Amino acid sequence: LSGCAIIRPPRDGGIRYRGLTQEQVGVQILPVDYEIEYICRGSRVIVGPKVRKCLSNGTWTEMDHHSRCLLLCPRVWTSLENGRVTVLPPGPPAEGTVLHYSCHAGFLLEGRNISHCTKLGNWDSPKPLCVCDSQAGISLYIGALFPMSGGWPGGQACLPAAQMALDLVNNRSDILPDYELELIYYDSMCDPGEATKLLYDLLYTEPIKIVLMPGCSSVSTLVAEAARMWNLIVFSYGSSSPALSNRQRFPTFFRTHPSATLHNPTRVRLFQKWKWTKIATIQQTTEVFTSTLDDLEQRVKEAGIEISVRQSFLTDPAVAVKNLKRQDARIIVGLFYETEARKVFCEVYKEKLFGKKYVWFLIGWYADNWFKIKDPAINCTVEQMTEAVEGHVTTEIVMLNPETVRGASNLTSQEFLAQLMSRLGGKNPEETGGFQEAPLAYDAVWALALALNKTVAPLRGKGRRLEDFNYNNKDITSEIYRALNTSSFEGVSGHVVFDAQGSRMAWTLIEQLQGGSYKKIGYYDSTKGNLSWYGNDKWIGAGPPADQTVVIEEFRFLSQKLFVSVSVFAGMGILLGIVCLTFNIYNSNVRYIQNSQPYLNNITAVGCVLALAAVFPLGIDGHHVHRSQFPVVCQFRLWLLGLGFSLAYGSMFTKIWWVHTVYTKKDEKKEKRKHLEPWKLYATVGVLLAIDVLSLMIWQIVDPLHITVEKFTKEAPKADLDVLIQPLLEHCSSEKMNTWLGVVYGYKGLLLLLGIFLAYETKSISTEKINDHRAVGMAIYNVAVLCMITAPVTMILSSQQDASFAFASLAIVFSVYITLVVLFVPKMRRLITRGEWQSEQQDTLKTGSSTNNNDEEKSRQLERENRELQKIIQEKEERVTELRNQLAERQALRSRRHTSSQNQNQNHSAPPPPSSQAEPPGYSPGTEQHSLPPSFSNSSNLYQGEGKLSRNHCHNSRLPLLYK
C-alpha cells in the first residue's frame, strides 16, 4: 500500500496523530497527505518543522530540517535599554540562539556584546548595560532592511557583518571623528509588501535617516524608486537585479553587490575562448533573469555570437528542456534559482541533455551541494543528479578578496571571516543565510562611512553640516552622491569601485564541477578585460564540445569507373564516326554513294562526333576542375550537344523531308520536282543549324549558365562522431532554366515527332536520288525514341549524378552508334561485297554501259520500254477500231445487193468466216512486226483471244483478232 512509515518523534517530545482513534495509532503505514504534529514535554518548544505531511513518494516533508524540543532562555535578555539586540537565528530564544548587543550613539556598552543560549535554558553571560558616554559624537542614522527570513534570508550573516563595520568605524578617530553612525533596522523578509510598511515607519518616525540600506532586489527596487522623493541615498548590499542599473528610474541608487549582468562579460569571454558562436538559454520567468538575459543577448550580438534557442518557464521546466533537446542546443546558459535548478537538471537527465556534447553555464551562488539536496519536487536520485550536472561551469562574483591584503578596515579577508564566525557563534556557514554576501554588507558600511567623511569638508565650506540633513535638502544628498560615485578603496570583498550606474565593478570567479566538487579554473576582471586562467578545466570528451553539430560539406562526384567506361564507348564511337566520314569522302565519286547525298551523310557523321564529344564534359565535375572553371564546362556541354544534334538529326530530317515532299505530290508536280537541287538540302540543314545557334546565343547572353549547388538531407556517419555529413551536388543551371529547357525541348520534340511522321509516310517509296532514305527513317525512329525517353528521365534523376549521367550519356552513345551503323555499314558492305569502287566514268569505259550492274538503271529501262509499249498498244487500238468500222460498212452493202435471192438468204444464214473477208487496203502483216521493238515480240502470246488485252493494261475493248 502507498503511504509513509511512522517516524520517531524528537527527543523529549511526541507525535500527535490527527484524525486517528486510539486503536488506529498502532498502524505502521500512514496514508498519503496525512499530517502529523510534533509536541514537546514541559516548557520545551519545537525548533524546526512542527508539522510534517506524507508525500506520494513515501517520504515526509522537510526531512532535511531536524525538529528538536529545546528549552527557552529568558526573553529579558532579548531587549536592551538605549541599545539594540540582534537575535540569530530569528525566532524564540532556544538552545543555540545568539544575541548581539550594541548601544545607541552617546552610550557605551558595559559587559559582553554577545550571549549564547545553552541547552539548560540559560544564557552564558550576564545581560549587558548601555551607559551614557559624555564624549560621544553626533549620531547619523542609517535606516536598514535586513531580510532575516523569507526567500533570501541574507540578513542572518549580513547584519552581523554590518554591525562589525559600524563598531570599527565608530572607533576610528580618522573617520567621522565628530559623528557616530547608528543602524536602525527591520526584518523585511525579502517581501516588497512588508518592506513598504517598514519603509513608511523608517521615513515617518524619528530620527531622520541620512541613508537607506535595503537588502534583496525586490525590496531594493521599491525603496530606490521611492527614495528620490525624500532626497535619500539608497545603498544596497545584496541586490543583483540588472533593472536597478537604470539611472533614470533609480537616480540615487548604489550597491556593493555587482549586477547580475556582470556575469555576462565573463560568459562572452569564455565563449570566445572556446570558439563558440552559437548558444542557447533557458530562464526562470522573473524580472532579474529576464533583464540579465536581455543584457546577455546584446553583448553576444556585439561579439558575433548567436542565441539560437531561447526558452523560459515559470514553475515546470519540462517542456523548455525538451525544446532545447529538439533544437540541438549544445552550449546552454541557465538562469534560475537553486530550487528550480534541481527541477531543470532532473529533466536534463531524463532528456539526456548532458555529457560530452553539452556544456551548461549556471549561476555560482548556489550552495556547493545544491544538486545533492533531497527535494520532494523532483523524482531523480542523487546519483542521477550528480551525473547530469557533471562538468558544468559557474560564474560567480568574487565577494571575498582572494588576496591577502589589508584594506580600509585594516582587516584581511581571512581575519574578517574569523571575526564573523565568532559573531555567529560558530554556526555552520552553509546554514546561515547571506554568508557569501556578508563581505559586501561589511564593505557597504565602510563605503558609506568613507563617503560621508569625504563630504564633511565640502559641506563645511558651504556652511553646512551632515547633521543639517533633512528630506528636503538636495545639497547634502548631492555631496554624498558625488563622494560615493568617486569611491575607490580596498575592502574585504576586493577593490570597491562603482560604475556610472552605481553598480559595483568586481572580478568574476569561474568554477567547474569536476568529480562532484567545484574547482576554480579562472578569474575574469571585466574592468580590464583580463582573464586569469589556471588551465585545469576538464571535459568528458577530448576537449570543449562544439557549439553545434559539426556539419561537414561533402560534394557528390560522378563515379570515375562509370565515367571511364562510358568515355571509352564514346571514344570508340568518335573513331567510328571518323572512319565513316573518311569512307564517305573517299568514295564520294561512286554512283551508289552519290545517290545517297554524301555531303548530308558527312554532316550527319560530324554531328555524331560532336554529340559523342559532349559525353566528356557531361562527366566532368568538381573532381576534375576548379569551381571557378565549372561554368566553362557547362558551356561545352550545351554547345557540343546542341550543335551535334542539329547537324546529325538536321541532315537526316532534310533527306526524309525532301523524299516526302517530292514523292507524295500529284504526278504533274512530282515530275517537275524530281530534279534534285543539292543546295536546297544544304540550305535546309543550315536553317535548322542557324535556329539552334541563335537560340543558344540568346540563352547564354540573356541568362548564362552558372554553377548551382543542391543540398541533400544531412547524413550521420557510421562512427560515433558529433558530426553530420551535408551532401552537395553541383549543377549547371540558370535563373530561368525551366523556361529555356521548355522552349528547347518543345522545339526539338516537335521536330522529332515530325521526323517520325515523315519516315512512316515514306517507308514504301523508292527513289534513285536518295537511295538510303529508308535507313535514314530507321535512324530517325531510334533517335526520336531515345531522346523522348531520355529527356524527362534525366530531369527526374538530376539529383542522382551516376544514374543521370549513365542514362544521358548511354542514350547519346546508343543513338549515335545506331545512326552510324544504319547509314554507313550497308554502304560499306555493298561496296566491299560487290566491288563497286569505281566512279561512273570508269564504269562506262570498262563496260560500255553504266547500268549493267545497277538496279536503278534496269528499273529506268523497264519504265522506258513500258512507255513505248503503251504508245504502240494505243496505236493498235486505234487501227482495230478503224478496221471494225470498215467491216461493218461492207456487211451493210452486201445485204442490200442480195435481198431477193434465196440462195443469198441461205448464204446469209451463217456468218462469213473471218479468213474469207477481204484484207483492208494497205494492210501488210510483216510491216507492223518490224516496227515493234524486240522485247514486244516476246509478248505476242498475250494477244491470242478475246478479253486477253485487259491483262496487258491496253484497253477494255474486246477484239476478235489481233494481227501482228
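Throughout, a residue's number is its position along its own chain's written sequence, starting from 1. The model is predicted, so local features are restricted to residues of pLDDT at least 70 and side-chain atom pairs to those at 80 or more, both for listing and for counting; the totals for chains, interfaces and linings are taken over all residues. For the side-chain quantities, the full set of heavy atoms in the structure was used; hydrogens and water were omitted.

What counts is decided by this rule: UniProt positions are given in the numbering used here, feature names are shortened, and annotations may be inferred rather than shown by experiment.
Looking at an unreviewed UniProt entry, one finds the protein named G-protein coupled receptors family 3 profile domain-containing protein and attributed to Pygocentrus nattereri. According to the UniProt record, the Subcellular location (unreviewed entry) comment for the protein is "Postsynaptic cell membrane". The protein has a UniProt comment under Sequence similarities (unreviewed entry) that states "Belongs to the G-protein coupled receptor 3 family. GABA-B receptor subfamily."

A word on the nonpolar core
Put simply, the rule is: What makes a nonpolar core is a set of buried Ala, Val, Leu, Ile, Met, Phe, Trp, Tyr and Cys residues whose side-chain atoms join them at distances within 4.5 Å. Relative accessible area decides the class of each residue, using a 1.4 Å probe on protein chains only: under 20% of the type maximum gives buried, over 50% gives exposed, and in between gives partly exposed. Helix and strand labels come from DSSP, where a helix needs a run of H or I of at least four residues and a strand needs a run of E of at least two; each type is numbered from the N terminus. Whether two residues are in contact is decided by their heavy atoms: any pair within 4.5 Å suffices.
In this structure, F146, L183, F235, F416, Y442, L452 and L466 are the most contacted members of the largest nonpolar core, which totals 77 residues. Per-element accounting of this core gives the leading share, 13 residues, to helix α10 (residues 438–461). Each residue touching L183, except ones within four places of it in the same chain, is listed here: R84, I142, A144, F146, L159, A162, Q163 and L166. Core analysis: the next-biggest nonpolar cluster, separate from the first, contains 56 residues, I332, A341, F371 and Y518 among them.

Section: the state of the cysteines
Operational definition: The disulfide definition used here is simple: a pair of cysteine sulfur atoms within 2.5 Å.
All told, the structure shown has seven disulfides when counted by the stated rule. With a sulfur-sulfur separation of 2.0 Å, C4 is cross-linked through a disulfide to C54. Looking along the S-S bond of the C4-C54 disulfide, the torsion reads about 90 degrees, which is the right-handed sense. Of this pair, C4 sits in strand β1 (residues 4–5) while C54 sits in the loop between β6 (51–53) and β7 (68–70), placing them 50 residues apart in sequence. A relative accessible area of 0% places C54 in the buried class. Across a sulfur-sulfur distance of 2.1 Å, C40 and C69 are joined as a disulfide pair. Taking the sign of the S-S torsion, -80 degrees for the link of C40 and C69, the bridge is left-handed. Of this pair, C40 sits in strand β4 (residues 35–40) while C69 is found in strand β7, placing the two residues 29 residues apart along the sequence.

With respect to the packing of aromatic side chains
Operational definition: Any pair of Phe, Tyr and Trp rings, taking the six-membered ring for Trp, is counted once the centres come within 6.5 Å. Such a pair is stacked with planes under 30 degrees apart, edge-to-face with planes over 60 apart, and tilted for the rest.
In total, this model carries 30 aromatic pairs according to the counting rule given. Ring plane angle 75 degrees and centroid distance 5.7 Å describe the contact between W274 and W533, whose orientation is recorded as edge-to-face. Separated by 259 residues along the polypeptide, W274 in the loop between α4 (263–273) and β18 (278–284) and W533 in strand β27 (residues 530–533) bring together distant segments of the chain. We classify W274 as buried; its relative accessible area is 10%.

Regarding the UniProt feature "transmembrane region" (unreviewed entry) in the protein
The UniProt feature table records "transmembrane region" (unreviewed entry) at residues 562–587, 599–618, 638–658, 679–702, 739–760, 780–799 and 805–825. Along residues 562–587 the backbone is 96% helical and 0% strand, and the end-to-end C-alpha distance reaches 38 Å. Counting secondary structure, residues 599–618 comes out at 95% helix and 0% strand; the distance between its end C-alpha atoms is 29 Å.

Quick notes on unusual backbone geometry
Put simply, L88 and P89 share a cis peptide bond, and its omega is -10 degrees. Inspection of the secondary structure puts P89 in the loop between β8 (83–88) and β9 (98–103). A cis geometry characterises the amide bond from E206 onward to P207, with omega recorded as -5 degrees. Relative to the helices and strands, P207 resides in the loop between α2 (192–204) and β15 (209–213). Within the chain, D33 stands out as a residue other than glycine whose phi angle is a positive 75 degrees. Looking at the secondary structure, you find D33 in the loop between β3 (29–30) and β4.

A look at the pairing of strand β25 (residues 507–514)
Basically, it comes down to this: When DSSP locates at least two bridges between a pair of strands, those strands are taken to pair.
Counted residue by residue, β25 has seven buried out of eight residues, so it is predominantly covered. Here strand β22 (residues 393–397) runs beside β25; their pairing, made up of five bridges, is antiparallel. Pairing of T394 across the sheet is with E511, part of β25. Sheet analysis places β25 next to strand β26 (residues 517–525), joined by eight bridges and oriented antiparallel. Opposite I510, over in β26, you have G522 as the bridge partner. In this structure, the hairpin formed by β25 and β26 is closed by a connection of two residues, where G515 is found at a positive phi of approximately 65 degrees.

Notes on the packing of helix α7 (residues 338–351) against helix α8 (residues 382–389)
How we decide: Whenever a helix is involved, its axis is fitted only over the stretch in contact; in every case the axis is a line through C-alpha atoms, and angles between N-to-C directions fall within 0 to 180 degrees. The cut-offs work like this: below 35 degrees is roughly parallel, past 145 is roughly antiparallel, 65 to 115 is roughly perpendicular, and the gaps in between are oblique. Side-chain classes are defined by residue name, with Ala, Val, Leu, Ile, Met, Phe, Trp, Tyr, Cys and Pro counting as nonpolar, Asp, Glu, Lys and Arg as charged, and the others, Gly among them, as polar.
Between α7 and α8, the shortest axis-to-axis distance is 9 Å and the interhelical angle comes to 85 degrees. Classified by the interaxial angle, the pair formed by α7 and α8 is roughly perpendicular. Across the interface between the two elements, R342, F345, C346 and Y349 from α7 touch Q384, M385, E387, A388 and V389 from α8. Of the residues belonging to the contact of α7 with α8, the class tally is six nonpolar, one polar and two charged.

Here we look at the sheet that holds strand β30 (residues 723–733)
Strand order in the open sheet formed by three strands is β28-β30-β29, and the pairing between neighbours is mixed. At either end of the open sheet lies a strand with only one pairing partner, and these are β28 (550–555) and β29 (706–711). For this sheet, the mean inter-axis angle between neighbouring strands, taken without regard to orientation, is 35 degrees. Relative to β30, β28 runs parallel, the two sharing six bridges. Looking at the pairing, E554 lines up with P727 of β30. Contacts from helix α16 (residues 630–663) reach β29 and β30, with the element oriented near 45 degrees to β30.

Looking at the pattern of salt bridges
As a reminder of what qualifies: Just to be clear on terms, a salt bridge is a Lys or Arg side-chain nitrogen sitting within 4 Å of an Asp or Glu carboxyl oxygen.
In the structure shown here, the tally under the stated rule is 25 salt bridges. In this structure, the salt-bridge partner of E340 is K343, at a minimum N-O distance of 3.5 Å. One end of the pair is E340 and the other is K343, both in helix α7 and three residues apart, which spans about a single turn. Relative accessible area serves as the criterion here: at 22%, K343 is assigned to the partly exposed category. Across the salt bridge formed by R465 and D468, the nearest N and O atoms sit 3.5 Å from each other. By relative accessible area, D468 is classed as partly exposed at 28%. Salt bridges sharing partners connect three or more residues here, namely R16, E37 and K50.

Side note on the environment of F361
Mapped onto the secondary structure, F361 falls in strand β21 (residues 359–363). Sequence separation between F361 and V393 is 32 residues; the distance between their C-alpha atoms is 4.9 Å. The contact partners of F361, leaving out residues within four places of it in the chain, are R267, L270, F271, W274, W276, I331, I332, V333, G334 and V393.

Regarding the packing of helix α6 (residues 318–326) against α7
The test is simple: Handedness of a crossing is defined here by the sense of rotation of the near helix relative to the far one, left-handed for an anticlockwise turn of less than a right angle and right-handed for a clockwise turn.
In the contact formed by α6 and α7, the axes pass within 9 Å of each other and the chain directions differ by 40 degrees. Taken together, α6 and α7 sit at an angle that is classed as oblique. When you trace α6 past α7, the crossing you get is right-handed. The segment α6 lies against α7, with A318, V321, K322 and K325 engaging V344, E347, V348 and E351. For the contact of α6 with α7, the per-class residue count stands at four nonpolar, no polar and four charged.

Description of helix α5 (residues 287–302)
For clarity, the threshold we go by: Given the number of residues in a helix, its expected span is that number minus one, multiplied by 1.5 Å.
Taking 1.5 Å per residue, 16 residues should reach 22 Å; α5 reaches 23 Å between its end C-alpha atoms and fits that length. Looking one or two residues beyond α5, the residue adopting positive phi is G304, at roughly 75 degrees.

Quick notes on the confidence of the model for the protein
Cut-off, in case you're wondering: pLDDT is a residue-level measure of predictor confidence that goes from 0 to 100.
Looking at the protein as a whole, its pLDDT mean stands at 82, while 87% of the residues score no less than 70. Counting interchain partners and residues more than four positions distant, the pLDDT-below-50 stretch residues 668–673 has seven contacts. Predicted confidence is poor over residues 904–964, with pLDDT under 50, and the contacts of this stretch with residues over four places away or in other chains come to 49 contacts.

Notes on α7
Counted at 1.5 Å a residue, the expected span for α7 with its 14 residues is 20 Å, and the 20 Å between its end C-alpha atoms agrees. Along α7, 10 of the 14 residues are buried, which leaves the element largely enclosed by surrounding structure. Looking only at α7, the buried set comprises E338, E340, A341, R342, V344, F345, C346, E347, V348 and Y349. Just downstream of α7, K352 is the residue with a positive phi angle, here 60 degrees.

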